[in-house]
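# Understanding the architecture of this molecule
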Amino acid sequence: MSLLVLVKGLGGYVQLGTTLDDALGEAYDKVARMLGLDLKPNGGAALEAIARQGNPDAFAFGVPMKKYGNCDFSYAGLKTSVRLCIEKNLGSAEGVGKRATVDLQQQAAAAAGSEAAATSSSSEAADDQQQQQQQQQQMKADVAASFQKVAVQHLVMRLKRAITWAREECPELQHLVVAGGVASNQYVRQQVSQVAEASGMQLVVPPARWCTDNGVMVGWAGVERYRLGLVQPPAPQLPADGSPEWVELRPRWPLTSNKHAKSMPPVLSMKKPDKSVVSLTDLTQQELAARSVTEKFLADKNPDKINLGVGAYRDDNGQPVVLQSVREAERRVAGSHFMEYLPIGGLRDFVSESVKLAYGDDSPVVTAGQVAAVQSLSGTGSCRLFAEFQRRFMPHSSVYIPVPTWSNHHNIWRDAGVAQKGYRYYKPETRGLDFEGLMEDIKNAPNGSVFLLHACAHNPTGVDPTPEQWQAMSKLMLDKSHFAFFDMAYQVMLDKSHFAFFDMAYQGFATGDCTRDAAAIRIFIDDGHRVGLSQSYAKNMGLYGQRVGCFSLVCDSAAEAAKVESQMKLIARPMYSNPPLHGALLVSKILHDADLKQQWYQEVGVMAARIKDMRGLLRQNLQQLGSPHNWQHITDQIGMFCYTGMSGEMVDTLAAGHSIYMTRNGGFRIG
């Protein structure tokens, strides 16, 4: 059998994947028999040798279990495909071996070349026969090479996923060990070596002479069990017949019964779930983890305890911060307005200033009135409005959400009844952006999909694309006609188009520069995209409790924007009727007054710079304390959230020993 195992130490194993039928080595042996190869010293070596002479692209065998997101192996289907291929091109798979023996005898007879048979016709017949044999041999080589390519590709796909799973649990993982008979296969070693190199791991493989049979592995397992004291004692006394001491023979000692959570099959039920009722079990793991962190923090009696799981900015004493620009705006607006309802679309001055802050004062879509926008209940409300808009006017589309993302994104689109899919974003191996995976997922998404993009300071990883990567993403969407436009009948027309929806909760809070933090949106607009946008002033103005945000959609014309905006209001009306006044007054006063706006720019710049300094100090202190790990990602990431790469066990140690609390994925707030 084949196993993918996370080894935490002697006896500490977590099974990531296993063989569902044949192991890779068994599949090699059986295909070698089908091809009639000489099985000495073994079928795997024979198949690898002949595969070197073949074309690995000659036959397009399907990669097993490609649609299954686990780490298990299966070669039964591939073997069947190979057998059918052999029968089609070489005749009966069982007859190939017999024919190989006959061919050798015929080759010997032809080599003898008796004078009696040395006629012109017999010479031509011998040539034809030799050519046929060469073609048959090449066919075998092509089959072997094609099988080997797909078989090892299956192995590599499972291995890459297993490494990702393992590093989620043990980010410090450094070694990839390949053992067993198949480890003697040079092609396998070469492909696995490339995986190790790409993952930044050191490949450890025994010498080929030790990769012979299962006896070595059985002996190794026995030694480990003995060292752990897991031994079966001999019988208390010798058998009556005086024979030697004995122990009960067992066909296999399982390496471990501890399986990775993701490798467990889902529990199936014949009962259809009632989708109208939201169960408590629908809460995401991130939410549950965050609640657990807060509960443990509150129960801790240590006066120096620290909670790094709260998604809000704090000063050096751990207290909330109110900006001076906000206090001044609050003083100016006090008593200046009645307490009447706002219109459904919100405070017009606030909406206008928000649009200019995001897209730019001189943006053509702003000056031409192409932006439909309404005030919302902060970023959550903006996303909820768009999710409902998508359900109504893009009924057959799915939303693609980055993995990972802010946990509430999943709840928002779920409650709107919109199908969700994930796209690759964070790469644990580098603790950075999985740009190749992201681009591949955008390219392969069905036409008419919606992509949720974090405009800056990605929550929760702190990993942002570079300006060049944003440009490449924009160009790829344009190459595939990935844009959405609205027709004059309030419908969203999806003619081979994707739609980019930006969630911008941290403008100015990432780099300290509001223009720079909006660069991704402006790149997409300059390239001709029609985007959607969620804005929030919770973080960058500290207005957490005011629930003030803006939801906007870029249209093709001012007339179209007016019609789309009316639909946005129709969606908002039954949800909350109209938004609150006070927070919108504060924001509009700050953004409309040149002096207050400049003061706010300075204050948000100070907060961003402090976060950056804290990142640098954290990395510097970890290095000075002698930590053996590479902490560069702490300063490479941006904004108030950080994915440290620490394991759950490390997080537990910080909580138990030092009263420092964060989520077990190693993520926490900086600042």
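Further up the page is the structure itself.
How each quantity is defined
- Residues numbered from 1 in each chain as written.
- Predicted model: local features only at pLDDT ≥ 70, side-chain atom pairs only at ≥ 80, totals over all residues.
- Heavy atoms only, no water.
- Phe/Tyr/Trp six-rings, centres within 6.5 Å; stacked < 30°, edge-to-face > 60°.
- Helix = DSSP H or I, 4+ residues; strand = E, 2+ residues; numbered from the N terminus.
- Buried < 20%, exposed > 50% of the residue type's maximum accessible area, 1.4 Å probe, protein only.
- Lys NZ or Arg CZ within 6 Å of the ring centre and 35° of its normal.
- Axes fitted to C-alpha atoms, helices over the stretch in contact; angles between N-to-C directions.
- Parallel < 35°, antiparallel > 145°, perpendicular 65-115°, else oblique.
- Left-handed = near helix turned anticlockwise from the far one by under 90°.
- Contact = heavy atoms within 4.5 Å.
- Nonpolar A, V, L, I, M, F, W, Y, C, P; charged D, E, K, R; others polar.

Moving on, we come to the packing of aromatic side chains. A full pass over the atoms with the stated rule returns 19 aromatic pairs. Seen from their ring centres, F386 and F551 are 6.2 Å apart, and the 70° between their planes marks the pair as edge-to-face. Note that F386 is positioned in helix α12 (residues 378-393) and F551 in strand β16 (residues 549-554), a separation of 165 residues in sequence. You'll find F386 and F551 in the same group, each marked buried. Each member of the aromatic cluster is reached from another via a ring pair, and the members are F386, W413, F499, F501 and F551. In this structure, K305 is placed above the aromatic ring of F297, and the distance from its NZ or CZ to the ring centre is 4.6 Å.

What follows deals with the packing of helix α9 (residues 324-333) against helix α19 (residues 582-592). Between α9 and α19, the least distance of the axes is 9 Å, while the angle of their chain directions is 110°. The angle between the axes of α9 and α19 places the two elements in the roughly perpendicular class. In this structure, the crossing between α9 and α19 has a hand that is right-handed. Touching S325, V326, A329, E330, R332 and V333 of α9 are H582, L585, L586, K589 and I590, all from α19. Among the residues making up the contact of α9 with α19, the classes are represented as 6 nonpolar, 2 polar and 3 charged.

Here we take up unusual backbone geometry. In this model, V403 is joined to P404 through a cis peptide bond whose omega is 0°. Looking at the element boundaries, P404 is found in the loop between β7 (398-403) and α13 (408-415). In this model, N459 is joined to P460 through a cis peptide bond whose omega is 20°. Considering the arrangement of structural elements, one finds P460 in the loop between β11 (450-454) and α15 (467-479). Despite not being glycine, S378 has its phi angle at roughly 60°, a positive value. With respect to the helices and strands, S378 occurs in helix α12. Despite not being glycine, R431 has its phi angle at roughly 55°, a positive value. One can find R431 in the loop between β9 (426-427) and β10 (432-433). The class for R431 is buried, based on a relative accessible area of 18%.

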